[in-house]
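Commentary on secondary and tertiary structure
Now for the letters of each chain:
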Amino acid sequence: MIGLYQPGDSLLHRLPAGWKLLVMLLAIVGIVLLGAPWQLGVAAVVVAGGFVLARIPLRVAWSQLWPMRWFLLFIAIFQVIFTGWERALMTCGTLLLTVAIAALITLTTRVTEMLDVCQRLLGPWRRFGVDPDRAGLVLALTIRCIPLMVEIVGAVSQARKARGASFSLRALVVPSVVRALRRADAIGDALTARGVDD
């Protein structure tokens, strides 16, 4: 889950957040531009080395990538049917590595540090009406709400299984949306009570 910082004192942990975000951007662009499976393999070894360097436990690293399994399977089947296995390998490998790089950055960087970088980058735009503090708040809420949504969907799914209900998309989506809206209302009320919103 995004935003799950793993404390540590590795080189990646000590590197400033701004440099890490820049390296992440360059690495993702580089991976997208790769043209052969062997190049993707080399990139995968480098990314795996990043996890080892940061001393991220295998269980934690795996938990970042495991939720993508069905999405990657669907993409792979579609690509194999319409473009061939090599293109499927490149597409799925690129997606997996970009998520792994983003996960490595979020696991080794505190959310507050990333928000500080974003606010500094948006500072010069204040004269054009951009509010860096509000933008940082939106980014923080977005990062926090992703695991909240995962938690809500998991709770609804467990409740459905406990009732012995058969799988139904409606039985999963409707309660999840209702709970998410209630949580959003509660967050909005909390922000208003603290004078964040005007």
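Computed from a predicted model, the values in this text were never measured in an experiment.

1. What about the overall build of the protein?
- Helices and strands together make up the secondary structure of the protein, namely 9 helices and 0 strands.
- Counted from the first residue to the last, the protein has its helices and strands arranged as α-α-α-α-α-α-α-α-α.
- Seen along its three principal axes, the alpha-carbon backbone of the protein occupies a region of about 55 × 50 × 35 Å.
- Split into buried and exposed, the 198 residues of the protein put 27% on the buried side.
- Across the protein, every contact between residues at least 6 apart in sequence was considered, and the portion connecting residues at least 24 apart equals 72%.
- Total accessible area on the protein is roughly 13,000 Å²; 70% of this is exposed by carbon and sulfur atoms.
- Side-chain charges of the protein comprise 20 positive and 11 negative groups, with the mean position of each set lying 10 Å from the other.

2. Side note on the nonpolar core
- Ile 31, Val 47, Phe 51, Ile 56, Leu 97 and Leu 104 are the most contacted members of the largest nonpolar core, which has 16 residues in total.
- No other element matches the 6 residues that helix α6 (residues 85-108) contributes to this core.
- Residue contacts for Val 47: discarding those within four places in its chain leaves Leu 97, Ala 100 and Ile 101.

3. Brief notes about the packing of helix α3 (residues 37-53) against α6
- Viewed as axis vectors pointing N to C, α3 and α6 meet at an angle of 20 degrees, and their least axial separation amounts to 10 Å. One way to sum up the angle between α3 and α6 is to call them roughly parallel. Here α3 runs over α6; the crossing is left-handed. Counted together, Pro 37, Leu 40, Ala 43, Ala 44, Val 47, Gly 50 and Phe 51 of α3 and Glu 86, Leu 89, Met 90, Gly 93, Thr 94, Leu 97, Ala 100, Ile 101, Leu 104 and Leu 107 of α6 form the full contact between these two elements.

4. Examining the environment of Asp 9
- One can find Asp 9 in the segment before α1 (11-14).
- Note: C-alpha distance between Asp 9 and Thr 108 (99 residues apart in sequence) is 9.3 Å.
- Once residues within four sequence positions are removed from consideration, Asp 9 is found in contact with Arg 14 and Arg 55.
- Only 2.8 Å separates the side chain of Asp 9 from the side chain of Arg 55, close enough to count as a polar contact.

5. Here we look at the confidence of the model for the protein
- Of all residues in the protein, 93% have pLDDT values of 70 or greater, and the mean over the chain is 84.
- No element of the protein has a lower mean pLDDT than helix α8 (residues 132-162), at 77, and none a higher one than α3, at 94.

6. What to know about unusual backbone geometry
- For Arg 55, which is not glycine, the phi torsion reads 55 degrees and is therefore positive.
- Tracing the chain through its elements places Arg 55 in the loop between α3 and α4 (58-65).

7. So, a positive patch on the surface
- On the surface, Arg 163, Arg 179, Arg 182 and Arg 183 cluster together to form a positively charged patch.
- Here Arg 179 is to be found in helix α9 (residues 169-193).
- Accessibility expressed as a relative area gives 39% for Arg 179, which makes it partly exposed.

8. Here we look at α4
- Within the sequence span of α4, burial applies to Val 60, Ala 61 and Gln 64. With its buried residues spanning 100 degrees around the axis, α4 presents them on a single face. Facing away from the buried side of α4 by more than 90 degrees, the exposed set consists of Leu 58, Arg 59 and Trp 62.
- The elements touched by buried residues of α4 are α3 and α6.

9. Some words on a nonpolar patch on the surface
- Taken together, the side chains of Trp 19, Leu 22, Leu 25, Leu 26, Val 29, Val 32 and Leu 33 define a hydrophobic patch exposed on the protein surface, amounting to about 740 Å² of accessible area.
- Mapping Leu 22 onto the fold places it in helix α2 (residues 17-32).
- A relative accessible area of 39% places Leu 22 in the partly exposed class.

Thresholds, definitions, all that
- Residues numbered from 1 in each chain as written.
- Predicted model: local features only at pLDDT ≥ 70, side-chain atom pairs only at ≥ 80, totals over all residues.
- Heavy atoms only, no water.
- Helix = DSSP H or I, 4+ residues; strand = E, 2+ residues; numbered from the N terminus.
- Buried < 20%, exposed > 50% of the residue type's maximum accessible area, 1.4 Å probe, protein only.
- Contact = heavy atoms within 4.5 Å.
- Areas by Shrake-Rupley, 256 points an atom, 1.4 Å probe, with all protein chains shown as cover.
- Lys, Arg positive; Asp, Glu negative; His and termini not counted.
- Charge placed at Lys NZ, Arg CZ, Asp CG, Glu CD.
- Core = buried A, V, L, I, M, F, W, Y, C linked by side-chain atoms within 4.5 Å.
- Axes fitted to C-alpha atoms, helices over the stretch in contact; angles between N-to-C directions.
- Parallel < 35°, antiparallel > 145°, perpendicular 65-115°, else oblique.
- Left-handed = near helix turned anticlockwise from the far one by under 90°.
- Polar contact = N/O pair within 3.5 Å; in protein donor to acceptor, adjacent residues only side chain to side chain.
- pLDDT = per-residue confidence, 0-100.
- Patch = residues over 30% accessible without salt bridge, like charges linked within 9 Å, V, L, I, M, F, W, Y side chains within 5 Å.
- Salt bridge = Lys/Arg side-chain N within 4 Å of Asp/Glu carboxyl O.
- Arc of directions from axis to C-beta.

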